[in-house]
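# Coordinate analysis (summary)
Here is how the chains run, residue by residue.
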Amino acid sequence: MSGSSHTEFSGPTRAVNTGPGDMYVTFTAENLLKTPPAARRRVAESQLRHLQQQFSRPVHINAAYDVLESRNMLFLDGEPGSGRSSAARVLLRELPRGTGTYHELTTESDDGKTPRLSADMIGEQDQMLFDLSAANERLWNAVQAQLWDFHHALQSKHAHLAVVLPRLRQDQLAPEFLALRKKIGPPDRLDVIIRHLRCGGFDTRICDPSPPALLTFVETRPPIRELARLAVRILEMRAAGREGDTFGAWCERAVAEQTDRGPEVAELVPHVRKGPQRALLLSSALLHGARAEAVHRATASLLSVVKSPVEARPLLEHPGLDERLEKIDAVWDGTSRVRFERRGFARAVRRHFWTTRPDLREPLRAWVSEILGLSELADADRERLVHRFTELCLSTEDTGELIGLVKDWTSAPTQSDRLRAAAQLLAQSIPSEACGGAFRQQIYEWSKQRQLSDGLRRVLAEVCEKVMAVRHPEAALVRLHHLARHEQFPGIARETLLRYVTNDPEDLRLHRRLLYRLTVSSSDDHRRPDTDLFLELTAPTSLPRPFLRSSTTRGWLTTGWAAAFDHAGPERWAACAETWISAADATEDPAIAGRLFDVLVAAAETRYAILSRLYASAREHTRPELSTLLLQKINEAQTTRLSRYSTTPRQREAAPS
């Protein structure tokens, strides 16, 4: 096939060659995560708005707001479990609304070294959160040393930063920051539950007086997040309740489900001695709510994975599933699904085996991988299984187990169930306060690898766009950029990256940031792929007009086009230049048309062949007056350069020795 034109098809239809030229056929895969791509600023705003509606104000939060609003930076202190991170987010949300965006700084750096806080992280009127609640002393000291200069940059850009402090001694905070430190106390715990219920559509007038079960639970002073979980369970009890149920009954069942069943499980397990019984107990807990056939097959699979001896008795002498379930306090309900009658019991069983039998963790990982493909499992069963196993690993910070699963599940791109499971696992792990940093760092390491499986590349692209982008937009941008650099054209990472930075015309920060990375900060190792990305990013249909009006971004565009003339093939850059020239003809703004020509001419410098081709294209695709304008700009640029070159030697001769 000759020429460089091509046709693209999306979807599962048959490819049809429509004429001469190369033909690329792209099959669009279904989304792995249920969340559709959206402008990350709108998603973040929606989450913050929902949090603000649910928020119950803690003690001294108004004083904390005054510091943040007037001094641009706040160090928020408080007891663990008092809701410090949520309070910091709400304080940032309550600031006067400006043009800036909300985002979170990370405690890890892309190069694995100490995080570097620089002014380029700050946008005009941004609201930023830096959660250091889990930071150790070494990390805290490294960050604190950079915060003074960062504070000045915040003030100059009218931006605000809320820092959630780790547990510190009084002398571990620099004296200049003491006035910026405020400590909050926990909010009224009953009010936390009531506000969450109200946001869930609950008529909270029936909550007074509070039922005894609710008061007893609150008196144990649980962390704020446990109160939020209890409110969710109360709403679930109402939705699943029987006619005539009262608020007190819903609270009793919700508290019972949230009560720690660990002691009851610890009492049961010693009486369940045989391997097949324990395998059924653990399988039923991890597949709680799945069909009996699935639990039966999963139990046999678990026995095989742990190499438990096969029972010698004839098959007809084996006890039935109903008998075996009765011995582990489980039931086979009317819909043929296996459940434990005591609420919260399944979760306690899972935690018991995970914490008391660390030697089972590796076999369990292999077992989860094996049973994902069981035909007896519904999609919802698979999602619950992945969620439960991920929750167990995160509870003990076993990130290695989860990372290994992601690698295994993405090795074969055609196995959609496993790809969805890998995406779900990462989507659940990245927001984790304890382990999220480790996963963001691992994704960064993966993104830099040239030899990456198609399945893993697809999973990472979707997770970066839909999950990491909400709280850590620049981290997501960096990882998507690396993924796009190392894939063949056309590729899903490239498509995701370009959509990610251009899908919100009201927020140009990420678009601008990528333009900088592709032009100013691009290295020789990545010049060719970055040039190709630059030509796609700067297509006139998606190029923001402010980029042409600003001298800074116009300079970056000139740098990018100069690289295109050097590193892209003539047919490639000529086709893209033609779109710029056509855009100049189509615009009604003469200034924009002139800026488009200025960039191309400045990038071409004195290269006659390139300038001639640009002018020939203008004569073919624009009005005569515009082609004349381009010729005029070419002549002016050449005259200026010749004048500069001719005067330089004389200036040197005239200079004193």
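This report concerns the structure included in the present document. (Residues numbered from 1 in each chain as written. Predicted model: local features only at pLDDT ≥ 70, side-chain atom pairs only at ≥ 80, totals over all residues. Heavy atoms only, no water.)

### A short note on the pairing of strand E5 (residues 127-131)
- E5 sits mainly inside the fold: four of its five residues count as buried.
- Pairing of strand E4 (residues 102-104) with E5, which is carried by three bridges, proceeds in the parallel orientation. Residue pairing for E5: Tyr102 is matched across the bridge by Gln127.
- Strand direction decides the pairing type here: E5 and strand E6 (residues 160-164), joined by five bridges, are parallel. By the bridge assignment, Gln127 is partnered in E6 with His160.
- In this region the chain leaves E5, passes through helix H4 (residues 137-156) and returns to the parallel neighbour E6; the handedness of that crossover is right-handed. (Buried < 20%, exposed > 50% of the residue type's maximum accessible area, 1.4 Å probe, protein only. Helix = DSSP H or I, 4+ residues; strand = E, 2+ residues; numbered from the N terminus. Pairing = 2+ DSSP bridges. Right-handed = clockwise from strand over helix to strand, strands pointing away.)

### Considerations on unusual backbone geometry
- Following Asp208, the chain continues into Pro209 via a peptide bond in cis, with omega recorded as 5 degrees.
- In this fold, Pro209 is placed in the loop between helix H5 (189-199) and helix H6 (212-219).
- Unusually for a residue other than glycine, His60 sits at a positive phi of about 75 degrees.
- Mapped onto the fold, His60 is located in the loop between helix H1 (40-54) and helix H2 (61-71).
- Given the relative accessible area of 52%, His60 is considered exposed.
- Even without being glycine, Glu397 reaches a positive phi, approximately 55 degrees.
- By the secondary structure assignment, Glu397 is in the loop between helix H15 (379-395) and helix H16 (399-409).
- Overall, the relative accessible area of 52% leaves Glu397 in the exposed class.

### Topic: the packing of aromatic side chains
- Tallied over the entire structure, the rule returns twelve aromatic pairs.
- For the ring pair Phe340 and Phe345, a centre distance of 5.3 Å and an interplane angle of 50 degrees mean the geometry is tilted. Like Phe340, the residue Phe345 is buried in the burial classification.
- Seen in terms of ring centroids, Trp561 and Phe565 are 5.6 Å apart; in terms of plane orientation they differ by 40 degrees. Their pairing is tilted. Of this pair, Trp561 and Phe565 both sit in helix H25 (residues 551-567), four residues apart, which is roughly one turn of that helix. Summarising the burial analysis for this pair, Trp561 and Phe565 share the class buried. (Phe/Tyr/Trp six-rings, centres within 6.5 Å; stacked < 30°, edge-to-face > 60°.)

### Comments concerning the nonpolar core
- If you look at the biggest cluster of nonpolar residues, it comprises 126 residues, and the most contacted ones within it are Trp367 and Trp561.
- Beyond its immediate sequence surroundings of up to four residues, Trp561 is in contact with Phe534, Leu535, Trp573, Cys576, Ala577, Trp580, Val599, Leu600 and Ala603.
- Leu51, Phe150, Leu165 and Ala174 belong to the second largest nonpolar core, which has 48 residues in total. (Core = buried A, V, L, I, M, F, W, Y, C linked by side-chain atoms within 4.5 Å. Contact = heavy atoms within 4.5 Å.)

### Some words on the sheet that holds strand E3 (residues 73-77)
- Sheet architecture is open: five strands sit in the order E4-E5-E6-E3-E7, paired in parallel fashion. Whereas interior strands pair on both sides, the edge strands pair on one side only; in this sheet they are E4 and strand E7 (181-183). The sheet shows a mean angle of 20 degrees between the axes of neighbouring strands, taken without regard to direction.
- Relative to the sheet, H2 contacts E3, E6 and E7, its axis offset from that of E3 by approximately 155 degrees. (Axes fitted to C-alpha atoms, helices over the stretch in contact; angles between N-to-C directions.)

### Observations regarding the side chain of Arg382
- The topology assignment puts Arg382 in helix H15.
- With a relative accessible area of 11%, Arg382 lands in the buried category.
- Setting aside chain neighbours within four positions, we find Arg382 in contact with Leu372, Gly373, Leu374, Ser375, Leu377 and Asp417.

### Some words on the environment of Ile328
- Tracing the sequence through the fold places Ile328 in the loop between helix H12 (321-327) and strand E8 (330-332).
- For Ile328, a relative accessible area of 0% translates into the label buried.
- Measuring from C-alpha to C-alpha, the distance between Ile328 and His271 comes to 9.1 Å, with 57 residues separating the pair along the chain.
- Beyond its immediate stretch of four places on either side in the chain, Ile328 contacts Leu268, Val272, Gln277, Leu280, Leu281, Ser284, Phe340 and Phe345.

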